[in-house]
Amino acid sequence: MLACLDVAKILNCSDWLINICRRKKELKARTVWLGCPEKCEEKYPKNAIKNQKYNVFTFIPGVLYEQFKFFLNLYFLVVSCSQFVPALKIGYLYTYWAPLGFVLTVTVVREAVDEFRRYKRDKEMNSQLYSKLTNQRIPSDMVFLRTSEKTGSCFIRTDQLDGETDWKLKVAVSCTQRLPALGDLFSINAYVYAQKPQLDIHSFEGTFTREDSDPTVHESLSIENTLWASTVVASGTVIGVVIYTGKETRSVMNTSNPKNKVGLLDLELNQLTKALFLALVALSVVMVTLQGFVGPWYRNLFRFLLLFSYIIPISLRVNLDMGKAAYGWMIMKDDNIPGTVVRTSTIPEELGRLVYLLTDKTGTLTQNEMVFKRLHLGTVSYGTDTMDEIQSHIINSYSQNSGNSTSSTPSRKPQLSAPKVRKSVSSRIHEAVKAIALCHNVTPVYESRAGVSGETEYAEVDQDFSDENRTYQASSPDEVALVQWTESVGLTLVNRDLTSMQLKTPGGHILTYYILQIFPFTSESKRMGIIVRVILGVFWVLCGNMAREGLRTLVVAKKSLTEEQYQDFESRYNQAKLSIHDRNLKVAAVVESLEREMELLCLTGVEDQLQADVRPTLEMLRNAGIKIWMLTGDKLETATCIAKSSHLVSRTQDVHIFRPVTTRGEAHLELNAFRRKHDCALVVSGDSLEVCLKYYEHEFVELACQCPAVVCCRCSPTQKAHIVKLLQHHTGKRTCAIGDGGNDVSMIQAADCGIGIEGKEGKQASLAADFSITQFKHIGRLLMVHGRNSYKRSAALGQFVMHRGLIISTMQAVFSSVFYFASVPLYQGFLMVGYATIYTMFPVFSLVLDQDVKPEMALLYPELYKDLTKGRSLSFKTFLIWVLISIYQGGILMYGALLLFESEFVHVVAISFTALILTELLMVALTIRTWHWLMVVAEFLSLGCYVASLAFLNEYFDVAFITTVTFLWKVSAITVVSCLPLYIIKYLKRKFSPPSYSKLTS
């Protein structure tokens, strides 16, 4: 009993140890003291980037595992090892180990080079030093303590985190921002409490506490007080306290680990090799059975397995790998897609099998450059060609008021009782332009002439306030476009802080407006507002006629308030903000109470410019049968506008906007509503998508896959990757992801084929992708031409190499059966090596140059691409056809040689082997669809090598016999019988059942 208990205790202890080793470190909330690292008891991850797959100890085992997990390579390893056993030895060791060693060497070297490049990139990033951050990528997640900007705020770029190139406003902790000097940060007794690390990049909860003040200062921290890793400080210098490092940072938590991608063609060939192995075993068993299980039959069985091992040729792996390298070289040398880089050389055929393309929006489909296109006043509309009229109206309007005060602070009692008079066009334009110039969150920034450092961080510096030196910062490029437009017509934003903004008139006068309240844009309210003395402007998105033109349409309105009305609003607004329950609803209700009886001023239309040739490229992809999903971190309205302007959604197509859902019941109702729609595009937000996938994953994906186009907005990087995996799991089809930002890396790595665009958002996506391009339009040629050719060429190459092994195995089977089922090889030594290399390798490999249609034709008729997704170029049907051809030709060659040989066995070898070489060369010619001059060279080079080598093969051939006419006519007769019927069948098939591409070329 005691022994049993001891054993149980030991087992429990071992289980506990295993669980401890496997368990991930639990993420915890933390308290970080300023300037006192010794007070921190917990140990946190090193702040280092690591993109390497292996280390020094795991490299060789890891690479070998990745190779031998495939049945093909494992089989070759077992066969090669068997040759060390004398009783099983069939030929020379080099005939087995040389090809296997070559494959492994190439693979290990390629992986080593890739791993070293990753190591160098990681080392470069991890060796960067930081102090104050200015225009640098932030190395870790921090709480923002202090800035050189007097406003106590700064702008950051988050393109590598969420894909948006809009600048985000961040606010320093007010307690530390008010400190007199920078050094005081290290003398105060304060700490930051931060919640445990999490995936959500849009939220944060924490507190800042200063204990050495009376009373103790407690300040709540939110997302606006944070600086996440991989973002860039765009204005001023900042100082922060690090709260999360390394793998606990938001950017790393939202990045998936890279996987080793394997092409569908490789998986299909792996399945075919398993079928060939079963055929090999069956043939060997039949031979031993017919032999009568005489003697050590199991040894004979293994010898037969080795004799017929050429059924699965090791040269298959060599040829395919060399073919992939050739395809990659052709892609990078294509002048029509300059700058394209192949980073993963193992999956070029995947480009020809794609069914789903998942694309980012910002920087991928669009340039993220906003241009003001239209101003509509209800009765009159102004476009880009009539903006000079607006400018003249503004100049006239302000020149008439030039005698007035330069301050815009009005009297406290506006003339509300004045009768309504129809305003002139000039006054309406004036009011509209002024409202547009005021209702935004844009800040003008001027470059300093002198550097700012040390104790002078807040010293006045000499700044250039000229128009040429001014740039605008905002969280939305739409707002920047509006402010730039008001500047172009004469009303310029020259200064702004938290409490006021200044506008410059065409005459050079400065108008000062005092900001009382700002209501930022939210996806719920769909509008943005501001109260100044005395204009209230409210923006909201309206999908009207202008939106059909692909413009982002905004409506501008104003309302005048008395001082009493404003005071009443302010008290109700502040009270609502202090509510504990339903705060957002109460605040929204108070703001909405102002949005009544407003005066409509104008409508504006802003265009987000698309990348070059986006529309024709998307149309080409759709015609090729590829379904396109747009996954973006941007707002719903913006994503919908771009989907329409890029023609991802056609003008005549209905769009179903999936309503926000938070519960299972709401998701069920909305899915039912969506199910009743037919042939409409789907637009869904990331939050609603999360709820649907939680409760109705299968139903949602099934419905979404039936849509002609899908737009997912407000997607986090992990959600993008999750959507890719869902499509792979539920449809089994090949997916491609394309993006240009760091937030697209997870999606790119999760897809079967990842394409990165090297653009404004940096190189992170480009470096992580399998293929890197410089423009979205290049994807058309990459898929239609190179993807199509790579797949069809590899399919032909793979099947021909298998045919080359099957035909010689058939000859061996015939030979063994004729000679009393002896396990004796037909061809030995150099004949077998030469057959797989110099005698047939060049013509067979020249199939990588073959093409069925010209590139121009493939681009003109993208419908040709649809056939590839059905996998007809390499299937069990085509494989069986090649098996039958091999059996027929192998039987003809062997029986013909046995029938025609004289008296010596050496004549059988000479006749059959020569006829075999000629047959293979003629079969390559039969397979080729478009001749290339290198193919002709390869055919004659191989034939020349064989003829030249006959003089040195006296060990295998009777040199006197092979120079006779008898030898020549016998070889010719056998070769004609083996090949002529196939040429006749090919001619008849092309005549009576031509393939689709031949109809186009004719």
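Thresholds applied
Residues numbered from 1 in each chain as written. Predicted model: local features only at pLDDT ≥ 70, side-chain atom pairs only at ≥ 80, totals over all residues. Heavy atoms only, no water. Helix = DSSP H or I, 4+ residues; strand = E, 2+ residues; numbered from the N terminus. Buried < 20%, exposed > 50% of the residue type's maximum accessible area, 1.4 Å probe, protein only. Contact = heavy atoms within 4.5 Å. Areas by Shrake-Rupley, 256 points an atom, 1.4 Å probe, with all protein chains shown as cover. Expected span 1.5 Å × (residues − 1). Arc of directions from axis to C-beta. 1 Å grid on protein atoms, 1.4 Å probe; cavity = no way out; pocket = protein on both sides within 12 Å on 5 of 7 lines; lining within 4 Å. Points joined across faces, edges and corners; volume = space filled by probe spheres on them. Pairing = 2+ DSSP bridges. Phe/Tyr/Trp six-rings, centres within 6.5 Å; stacked < 30°, edge-to-face > 60°. Patch = residues over 30% accessible without salt bridge, like charges linked within 9 Å, V, L, I, M, F, W, Y side chains within 5 Å. Salt bridge = Lys/Arg side-chain N within 4 Å of Asp/Glu carboxyl O. pLDDT = per-residue confidence, 0-100. Axes fitted to C-alpha atoms, helices over the stretch in contact; angles between N-to-C directions. Parallel < 35°, antiparallel > 145°, perpendicular 65-115°, else oblique. Left-handed = near helix turned anticlockwise from the far one by under 90°. Nonpolar A, V, L, I, M, F, W, Y, C, P; charged D, E, K, R; others polar. Right-handed = clockwise from strand over helix to strand, strands pointing away. Core = buried A, V, L, I, M, F, W, Y, C linked by side-chain atoms within 4.5 Å. Domains from an automatic or database assignment.

**Description of the overall build of the protein**
Then step 1. Tallying secondary structure elements over the protein gives 34 helices and 30 strands in all.
Then step 2. The buried share of the protein, reckoned over its 1002 residues, is 50%.
Then step 3. If you take every contact in the protein between residues at least 6 apart in sequence, the share linking residues at least 24 apart comes to 74%.
Then step 4. When the accessible surface of the protein is summed, it comes to about 47300 Å², and 59% of that surface belongs to carbon and sulfur atoms.

**What about helix H32 (residues 933-949)?**
Then step 1. Between the first and last C-alpha of H32 there are 24 Å, a value that for 17 residues agrees with the 24 Å anticipated at 1.5 Å per step.
Then step 2. What H32 keeps buried is the set Met935, Ala938, Glu939, Ser942, Tyr946 and Ser949. Angularly, the buried residues of H32 cover 120° about the axis, an arc narrow enough to put them on a single face. Among the exposed residues of H32, those oriented more than 90 degrees off its buried face are Trp933, Phe940 and Val947.

**Thoughts on empty space enclosed by the protein**
Then step 1. For the structure shown, the criterion picks out 6 cavities of 30 Å³ or more.
Then step 2. Here the largest cavity is characterised by a volume of approximately 200 Å³.
Then step 3. Taken together, 17 residues line the largest cavity, and the ones lying closest to its centre are Ile90, Tyr310, Pro825, Tyr827 and Met832.
Then step 4. Among the secondary structure elements, those contributing two or more residues to the lining of the largest cavity are helix H4 (94-126), helix H9 (297-307) and helix H25 (778-818).
Then step 5. At 3 residues, the largest contribution of residues to the lining of the largest cavity is made by H25.

**Some details on the sheet that holds strand E8 (residues 226-227)**
Then step 1. Strand order in the open sheet formed by 3 strands is E8-E2-E10, and the pairing between neighbours is antiparallel. In the strand order of this sheet, the two ends are held by E8 and strand E10 (238-244), each with one partner.
Then step 2. Direction of pairing for strand E2 (residues 141-147) relative to E10: antiparallel, over a ladder of 6 bridges. Bridging from a neighbouring strand, Thr147 pairs with Val238 of E10.

**Digging into the side chain of Thr249**
Then step 1. Mapped onto the elements of the fold, Thr249 is located in the loop between E10 and helix H7 (250-253).
Then step 2. Judged by its relative accessible area of 2%, Thr249 falls in the buried class.
Then step 3. Those residues within four positions of Thr249 in sequence are excluded, and the remaining contacts are Ser140, Asp141, Ala229 and Tyr244.

**Side note on the packing of aromatic side chains**
Then step 1. In this structure the tally under the stated criterion is 23 aromatic pairs.
Then step 2. Three or more aromatic residues joined by ring pairs form one cluster here, namely Tyr827, Tyr835, Tyr839, Phe913 and Tyr946.

**Things to note about a nonpolar patch on the surface**
Then step 1. Where nonpolar side chains cluster on the molecular surface, the patch consists of Leu922, Val976, Leu980, Tyr983, Ile984, Tyr987, Leu988 and Phe992 and spans about 790 Å² of accessible area.
Then step 2. Considering every element that reaches the nonpolar patch, the biggest residue donor is helix H33 (residues 965-992), with 7 residues.
Then step 3. Mapped onto the secondary structure, Ile984 falls in helix H33.
Then step 4. Assessed through its relative accessible area of 45%, Ile984 is described here as partly exposed.

**Here we look at the confidence of the model for the protein**
Then step 1. On average, residues of the protein score 82 in pLDDT, and 88% of them reach the 70 mark or higher.
Then step 2. Here residues 1-23 scores under 50 on pLDDT; set against residues more than four positions off or in separate chains, the count is 0 contacts.
Then step 3. A low-confidence stretch, residues 535-545 (pLDDT under 50), is modelled with 48 contacts involving residues beyond four sequence positions or located in other chains.

**A short note on helix H22 (residues 717-731)**
Then step 1. With 15 residues, H22 extends 22 Å between its outermost C-alpha atoms, agreeing within 8% with the 21 Å of an ideal straight helix rising 1.5 Å per residue.
Then step 2. Phi for Gly732, located one or two positions after H22, is positive at around 70°.

**A few points about the packing of helix H17 (residues 614-623) against H25**
Then step 1. Contact geometry of H17 with H25 gives a least axis separation of 9 Å together with a crossing angle of 25°. Relative to H25, the element H17 is oriented roughly parallel. In the crossing of H17 with H25, the sense of the turn from one axis to the other is left-handed. The segment H17 lies against H25, with Thr617, Met620 and Leu621 engaging Ile779, Gly780, Leu783 and Met784.
Then step 2. Classifying every residue of the contact of H17 with H25 gives 5 nonpolar, 2 polar and no charged.

**Thoughts on unusual backbone geometry**
Only a minority of non-glycine residues have a phi that is not negative, and only a minority of peptide bonds are not trans.
Then step 1. Between Asp214 and Pro215 the backbone carries a cis peptide bond, its omega angle lying at 0°.
Then step 2. The residue Pro215 is located in the loop between strand E6 (206-210) and strand E7 (217-221) in this model.
Then step 3. A positive phi angle is found at Ser230, which is not glycine, with a value near 80°.
Then step 4. One can find Ser230 in the loop between E8 and strand E9 (232-233).
Then step 5. The phi torsion at His647 lies on the positive side, around 65°, for a residue other than glycine.
Then step 6. Summarising the element assignment, His647 is placed in the loop between helix H18 (636-645) and strand E25 (654-657).
Then step 7. Judged by relative accessible area, His647 falls into the partly exposed class, the value being 31%.

**Observations concerning the pairing of strand E29 (residues 753-757)**
Moving residue by residue along a regular strand, the side chains alternate between the two faces of the sheet.
Then step 1. Most of E29 is tucked away, with 5 of its 5 residues classed as buried.
Then step 2. Neither face of E29 is left uncovered, since the one carrying Cys753, Ile755 and Ile757 and the one carrying Gly754 and Gly756 both have all their residues buried.
Then step 3. Inspection of the sheet shows strand E28 (residues 734-739) paired to E29 by 4 bridges, in the parallel sense. Within E29, the residue paired with Ile738 across the bridge is Ile755.
Then step 4. Once you follow E28 into helix H23 (residues 745-750) and on to E29, the crossover reads as right-handed.

**What to know about the nonpolar core**
Then step 1. Counting 93 residues, the largest nonpolar core has Ile755, Phe771, Ile779, Leu782 and Leu783 as its most contacted members.
Then step 2. It is H25 that provides the largest number of residues to this core, a total of 12 residues.
Then step 3. For this core, the domains that each give at least three residues are domain 1 (262-338 + 782-999) and domain 2 (356-365 + 611-773).
Then step 4. Here Ile755 is in contact with Leu351, Cys736, Ala737, Ile738, Gly739, Ile748, Ala769, Phe771, Ile773, Ile779, Leu782 and Leu783, once residues within four sequence places are set aside.
Then step 5. Judged by nonpolar contacts, the second largest core, of 41 residues, contains Met370, Cys439, Ala481 and Met528.

**Looking at the environment of Leu594**
Then step 1. Structurally, the position occupied by Leu594 is in the loop between helix H16 (583-592) and strand E23 (599-610).
Then step 2. Sequence separation between Leu594 and Tyr566 is 28 residues, and the spatial gap between their C-alpha atoms is 9.6 Å.

**With respect to the pattern of salt bridges**
Then step 1. Scanning the entire structure with this criterion turns up 21 salt bridges.
Then step 2. Arg734 is paired through a salt bridge with Glu350; the nearest N and O atoms lie 2.9 Å apart. Of this pair, Arg734 sits in strand E28 while Glu350 sits in the loop between strand E11 (341-342) and strand E12 (354-359), and the two are 384 residues apart along the sequence. The pair Arg734 / Glu350 is uniform in exposure class, with both members buried.
Then step 3. One network of salt bridges, in which partners are shared, links Asp266, Lys324 and Glu349.

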